[in-house]
Amino acid sequence: MKLLEFTQVFLGLLGITYLGIVSYFYFSTEAPKSQALQIEQVHVEYSSASSVFVTWLTRPLPKSCFLSANGKTITLNNYTHQLYSNYVYKAELTELKNNQVVDYEIRCLYQGKEYKKQHKFLSHPGYTDGVKMLILGDWSTSGTGDWYNQYHTLVPKPNILSPLLAEKNYSSIWQLGDYAYDLFSNQGMRGDRFFKDIEQLASYYPYMPVVGNHEIPRIFRDFKYRFSNSLYYSMPMGKAMVVVLSSEFDYYHMKKAFPEQHSIFEHLKYKQLDWAEKTLSSIDRTKYPWVIVMFHKCLYCSLNVESSMIMEVCGKQASVMRGTFEKLLNKHKVDLVLSGHIHLYERILPVSNGIIVGNFKKQDNLFNNPGAPIYVVNGVAGNLENEKIVMSITKEPSHWSSTMFESLGYGILNVVNETHLHYEQYGFGETQWDDVSVPLLPTKKKLDSFTITKSKPN
């Protein structure tokens, strides 16, 4: 054997051995006697206007865990799910006062020792004015992807975690799908790393989920294990009702994937549509004049002939989305639709069936009783698609497109009161491929803002 061939074989075997050792110690459920218990990936979600879910993961398996807050303690003698080498624990804290900072403590017993983790969370703002939500989509905290995944970048990309830690002017975080690129790669280690990174945010600000296409495998198992809210749900936020829907049950019609599970997706699709019809029709618009719907995939986004990805998403996939949901959204007079999926920011004028409703122009940022939903695409939090997957703004945006940007960023949605809804989009740098050595925070700028107004409800 030639020296070069021998070296390649030796290095290959060395790599396999290394991966085997790492896998054994990381994934083995039989922990060494001296191993300390890890309590990590803590996050909270609203379960109602007066309660929250608290989720955390442990490794290895403790004897029991306890969640204490407001002078009450919840005992958990069993884990909720086993997720790869981790054990998922979920508990619900109820009867909470609104707009309060709540101290909470997680304690777990393992091998005769007690392990603790303490955090604070911000409770639901309640039925009040000026409720602000941070909106972002398609977010990963990893600088690069995996060398063996053809869709991942190996060129370092900026991360907006630091700017998010500096942003204080909101009550909750709403992510419009696609977490960490996905939650299951490397036996869940990609998801573990992401939730470890964001624990300092998500353990304080309720972190509200929207399911995306990267959460589909195994019928959304990793998503459902990590989050407590359903694949679709509603939540009051001040004078608005937020309705979160899954755009992923039509996946077979958008892309011929998961054919063996097509009947399951069809069942989920019609079950959700029935739920959405009942939920939207039951909203008291005198109490909640604003209705905001969140998806992962877009109903409207501009085509770009330079990008096969955008052509597929904004062509076929958006057409399927409109066919499934647009009539429903128009019927129930939804005011604002937020989505991600495309790694751009684009704001759409009030539109119904491809036609602008009203005499609105691209430069307008005030919409009085627009008569159709305004659509916002916000997938610029930063994910791992590589440089070969083009995500750039088109030179020929659609006639209903108001503005587009490539900058990394997030939005702040303010339910001002019963007559005003205000949105601002903040950006960092110029594109998602900016030099990672340049700090993002000093580049912060407001890229877009708009206000929707309506008459007071009768």
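The structure we're discussing is the one just above.
Residues numbered from 1 in each chain as written. Predicted model: local features only at pLDDT ≥ 70, side-chain atom pairs only at ≥ 80, totals over all residues. Heavy atoms only, no water.

> Any chance you could explain the overall build of the protein here in plain terms?
Across its full length, the protein carries seven helices and 24 strands. Scaling as 2.2 N^0.38, a compact globule of 458 residues should have a C-alpha radius of gyration of about 23 Å, and the protein matches this with 23 Å. The principal-axis extent of the C-alpha atoms belonging to the protein is close to 70 × 65 × 50 Å. Taking all 458 residues of the protein together, 57% fall into the buried category. Of the contacts made within the protein by residues no fewer than 6 positions apart, 75% connect residues no fewer than 24 positions apart. Summed over its atoms, the accessible surface of the protein is roughly 19800 Å², and 54% of this surface lies on carbon and sulfur atoms. Here the protein carries 46 positive and 43 negative side-chain charges, and the mean point of each set is 4 Å from the other. (Helix = DSSP H or I, 4+ residues; strand = E, 2+ residues; numbered from the N terminus. Rg over C-alpha atoms; globule rule 2.2 N^0.38 Å. Buried < 20%, exposed > 50% of the residue type's maximum accessible area, 1.4 Å probe, protein only. Contact = heavy atoms within 4.5 Å. Areas by Shrake-Rupley, 256 points an atom, 1.4 Å probe, with all protein chains shown as cover. Lys, Arg positive; Asp, Glu negative; His and termini not counted. Charge placed at Lys NZ, Arg CZ, Asp CG, Glu CD.)

> Which parts of the structure should I look at to understand a nonpolar patch on the surface?
Residues Trp147, Tyr148 and Leu154 make up a contiguous nonpolar surface patch of about 430 Å² in total accessible area. Relative to the elements of secondary structure, Trp147 occurs in the loop between β9 (131-136) and α2 (161-166). Take Trp147: its relative accessible area is 72%, and that puts it in the exposed class. (Patch = residues over 30% accessible without salt bridge, like charges linked within 9 Å, V, L, I, M, F, W, Y side chains within 5 Å. Salt bridge = Lys/Arg side-chain N within 4 Å of Asp/Glu carboxyl O.)

> What exactly am I supposed to notice about unusual backbone geometry here?
Across the chain, the bulk of peptide bonds are trans and the bulk of non-glycine residues have phi less than zero. The omega torsion of the bond from Arg59 to Pro60 falls at -5 degrees, within 30 degrees of zero and hence cis. Of note in this structure, Asn99 is not a glycine but carries a positive phi near 55 degrees. Take Asn99: it is sitting in the loop between β6 (86-93) and β7 (101-110). By relative accessible area, Asn99 is classed as exposed at 52%. Backbone geometry places Asp178, a non-glycine residue, at a positive phi of 60 degrees.

> What should I look at first to understand the nonpolar core in this one?
In globular proteins that are soluble, nonpolar side chains generally tend to be buried together. Core analysis: the largest hydrophobic core is formed by 62 residues, its most contacted members being Trp139 and Tyr207. By size, the runner-up hydrophobic cluster in this structure holds 55 residues, among which are Val44, Val54, Tyr87 and Val242. (Core = buried A, V, L, I, M, F, W, Y, C linked by side-chain atoms within 4.5 Å.)

> Any chance you could explain the sheet that holds strand β16 (residues 345-348) here in plain terms?
Across a sheet, paired strands are connected by hydrogen bonds in the backbone, their directions being either parallel or antiparallel. With mixed pairing, seven strands are arranged side by side in an open sheet as β12-β13-β14-β15-β20-β16-β21. Both edges of this open sheet fall to β12 (233-237) and β21 (401-405), since each of them pairs with a single strand only. For this sheet, the mean angle separating the axes of adjacent strands, direction not counted, is 15 degrees. Pairing between strand β15 (residues 336-339) and strand β20 (residues 374-378): four bridges, direction parallel. Counted as the bridge partner of Leu338 is Val376 from β20. (Pairing = 2+ DSSP bridges. Axes fitted to C-alpha atoms, helices over the stretch in contact; angles between N-to-C directions.)

> Help me understand the packing of helix α6 (residues 262-281) against helix α7 (residues 308-331), please; the structure alone is not making it clear to me.
Helix packing for two helices is described by the angle between their axes and how far apart those axes are. Interhelical geometry of α6 versus α7 gives an angle of 10 degrees and a closest axis separation of 10 Å. Taken together, the axes of α6 and α7 are roughly parallel relative to one another. Between α6 and α7, the contacting residues are Lys269, Gln272, Leu273, Ala276, Glu277 and Leu280 on the first element and Thr324, Phe325, Leu328 and Lys331 on the second. Looking at side-chain class alone, the contact of α6 with α7 contains five nonpolar, two polar and three charged residues. (Parallel < 35°, antiparallel > 145°, perpendicular 65-115°, else oblique. Nonpolar A, V, L, I, M, F, W, Y, C, P; charged D, E, K, R; others polar.)

> Looking at this structure, how should I read the pairing of strand β2 (residues 51-59)?
Remember that side chains alternate between the two faces of the sheet whenever the strand is regular. Burial analysis of β2 places nine of its nine residues in the buried class, the great majority of the element. Side-chain alternation along β2 places Ser51, Phe53, Thr55, Leu57 and Arg59 on one buried face and Val52, Val54, Trp56 and Thr58 on a second face that is also buried. The pairing of strand β1 (residues 38-48) with β2 spans eight bridges and is classified as antiparallel. Residue pairing across strands places Gln38 opposite Arg59, the latter belonging to β2. With antiparallel pairing between neighbouring strands as the criterion, β1 and β2 make up a hairpin whose turn holds two residues. Direction of pairing for β2 relative to β6: antiparallel, over a ladder of seven bridges. Paired with Val54 across the two strands is Ala91, which belongs to β6.

> Sorry, what's going on with helix α3 (residues 189-202) here?
The α-helix winds at 3.6 residues per turn, so residues separated by three or four positions along the chain end up facing the same way. Relative to the 20 Å expected for 14 residues at 1.5 Å per residue, α3 spans 18 Å between its end C-alpha atoms, a close match to the ideal helical length. By the largest-angle criterion, Lys196 marks the main kink of α3, which is about 35 degrees. Those residues of α3 that fall on the buried side of the exposure criterion are Arg190, Gly191, Asp192, Phe194, Phe195, Ile198, Glu199, Leu201 and Ala202. (Expected span 1.5 Å × (residues − 1). Bend = angle between axes of the 7 residues up to and from the residue.)

> It is not clear to me how the side chain of Asp448 should be interpreted in this structure. Could you clarify?
Mapped onto the elements of the fold, Asp448 is located in strand β24 (residues 445-453). Overall, Asp448 belongs to the buried group, its relative accessible area being 8%.

> So what exactly am I meant to see when it comes to α6 here?
Helix length check: α6, at 20 residues, gives a terminal C-alpha distance of 29 Å against a target of 28 Å (1.5 Å per residue), a fit within 8%. Along α6, the positions that sit buried rather than exposed are Phe265, Leu268, Lys269, Gln272, Leu273, Ala276, Thr279 and Leu280. For α6, the angular spread of the buried residues around the axis is 135 degrees, confining them to a single face. Across α6 from its buried face, at more than 90 degrees, point the exposed residues Ser263, His267 and Lys278. (Arc of directions from axis to C-beta.)

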